[in-house]
Amino acid sequence: MFEEIKKILGEPYFECKYGLLYNMDCEKALEKLDSPCLASTITSPPYNIGKEYEQVMPLNKYLDWLSRIATHVKRLTLPNGNFIFNVGYLAVKDKGRAVPIPYLIWDKIPFYLNQEIIWHYEAGVAAKRYLSPRNEKILWYVKDKDNYTFNLDPIRDPNVKYPNQKKKGKLRCNSIGKNPSDIWEIAKVTSGANRSSVERTAHPAQFPEDLIKRLMLGFTNADDIVLDPFMGSGTVAAVAVELKRKFIGFEIESTYCEIAKKRIQQKINECMSIFDFSSTSDASDEGELTK
């Protein structure tokens with residue numbers, strides 16, 4: 001599949017045994033592909049709030065843009081695949097200060113909305129005239145509402161209040177933990193002196209690896225291909241390498257491509273002693289394809 005993609009899109013910015021990273025506009029790239037291969041898309045698009053990596057669009061154009069990208073993704077998604085979409089808040093002129101993007105986009109994504117997950121964290125902006133925001137939404141879409149990947153055991157919550165409670169002599173709860181709720185408390189990637197996360201990069205809006213690990217373990221299987229059309233700092237790709245999934249990523253900013261490339265290579269090096277991450281290319285025994 002990777003060779004077929006390379007024939008269509010050309011040589012990637014970075015390549016390893018487990019994936020491809022392209023320095024391309026994701027919409028332009030996706031519209032060129034036509035063979036379904038994606039088990040999952042795990043991504044967080046720009047929130048249209050003026051970050052350094054985005055140009056603010058009129059709201060209707062922004063929502064149409066997200067919908068078009070999701071339509072391309074659906075065409076490339078396998079029958080039992082999913083689309084996992086992390087979004088936050090934006091201001092709507094004369095309507096709301098911090099309107100959750102899911103309120104505006106949920107029914108414009110051409111998948112079936114299976115569930116909303118609330119990602120809760122403690123770090124964030126300290127507001128003065130309104131409540132300090134401490135959550136974002138993850139919309140879990142599936143292509144087929146009756147046939148989709150869901151692996152409960154790898155993401156069970158071991159924090160069981162009454163682990164030894166029995167009914168008719170049998171333990172009432174699963175010995176490896178309970179079904180986690182739809183509210184996930186996972187720390188953000190923080191920055192700043194004496195509080196910066198170990199995984200922090202120069203990207204201003206970075207997924208925490210713990211969040212992606214839970215999503216990938218719960219909603220994908222080993223060897224699945226996972227897409228991130230907004231690769232950013234490369235978290236989805238790095239976690240895919242660690243969990244023995246495959247990845248395809250698009251990132252329009254070359255600066256972030258370089259950050260992602262180094263991060264993926266670092267993850268490969270960390271895993272070398274556990275897995276066989278030798279490259280399929282003769283260019284490098286460690287899986288790196290230079291720019």
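Residues numbered from 1 in each chain as written. Predicted model: local features only at pLDDT ≥ 70, side-chain atom pairs only at ≥ 80, totals over all residues. Heavy atoms only, no water.

### Some words on the overall build of the protein chain
Summing up its helical and strand segments, the protein chain has seven helices and 13 strands in all. Looking at the 291 residues of the protein chain, the share that counts as buried comes to 49%. If you take every contact in the protein chain between residues at least 6 apart in sequence, the share linking residues at least 24 apart comes to 66%. (Helix = DSSP H or I, 4+ residues; strand = E, 2+ residues; numbered from the N terminus. Buried < 20%, exposed > 50% of the residue type's maximum accessible area, 1.4 Å probe, protein only. Contact = heavy atoms within 4.5 Å.)

### What about the environment of Lys 262?
Mapped onto the secondary structure, Lys 262 falls in helix 7 (residues 254–271). For the pair formed by Lys 262 and Ala 238, sequence separation is 24 residues and the distance between their alpha carbons is 9.8 Å.

### Describing the environment of Cys 26
Along the chain, Cys 26 falls in helix 2 (residues 26–30). The exposure class of Cys 26 is buried, given its relative accessible area of 5%. Between the alpha carbons of Cys 26 and His 72 there is a distance of 9.8 Å; along the sequence they are 46 residues apart. Not counting chain neighbours up to four residues away, the residues in contact with Cys 26 comprise Ile 69, Pro 229, Phe 230 and Phe 250.

### Quick notes on the pairing of strand 2 (residues 19–22)
Judged by which residues are buried, strand 2 turns out to be covered on both faces: Gly 19 and Leu 21 on one side and Leu 20 and Tyr 22 on the other are all buried. Sheet topology note: the strand 1 (residues 14–16)/strand 2 ladder contains three bridges and is antiparallel. From the neighbouring strand, Phe 14 faces strand 2, where its bridge partner is Leu 21. Remark: two residues form the turn of the hairpin made by strand 1 and strand 2, two consecutive strands paired antiparallel. Where strand 2 and strand 13 (residues 246–250) come together, four bridges link them in parallel fashion. Each bridged residue has a counterpart across the sheet, and for Gly 19 the counterpart in strand 13 is Phe 247. (Pairing = 2+ DSSP bridges.)

### A look at the side chain of Thr 235
Among the secondary structure elements, Thr 235 is positioned in helix 6 (residues 235–242). From its side chain, Thr 235 meets the backbone oxygen of Phe 207 in a polar contact 3.2 Å long. A distance of 3.5 Å separates a polar atom in the side chain of Thr 235 from a polar atom in the side chain of Ser 233. (Polar contact = N/O pair within 3.5 Å; in protein donor to acceptor, adjacent residues only side chain to side chain.)

### Here's the deal with the pattern of salt bridges
Close approach of charged atoms lets side chains of opposite charge pair. Under the defined criterion, the tally for this structure stands at 12 salt bridges. Measuring nitrogen to oxygen at the nearest pair gives 3.4 Å for the salt bridge that ties Glu 3 to Lys 6. Of this pair, Glu 3 and Lys 6 both sit in helix 1 (residues 2–9), separated by three residues, roughly a single helical turn. Between Lys 267 and Glu 270 there is a salt bridge whose closest N-O contact spans 3.9 Å. With Lys 267 and Glu 270 both in helix 7, this residue pair falls three residues apart, about one helical turn. The network of salt bridges with shared partners includes Glu 209, Lys 213, Glu 242, Arg 263, Lys 267 and Glu 270. (Salt bridge = Lys/Arg side-chain N within 4 Å of Asp/Glu carboxyl O.)

### Section: the sheet that holds strand 3 (residues 38–43)
In spatial order, the strands read 1-2-13-12-3-4-8-7-11; together these nine strands make up an open sheet with mixed pairing. Strands at the two margins of the open sheet, each flanked by one partner only, are strand 1 and strand 11 (183–185). Strand after strand, the sheet turns through a mean of 15° between neighbouring axes, direction not considered. The strands touched by helix 7 within the sheet are strand 1, strand 2 and strand 13, with strand 1 carrying the most contacts at an inclination of about 15°. (Axes fitted to C-alpha atoms, helices over the stretch in contact; angles between N-to-C directions.)

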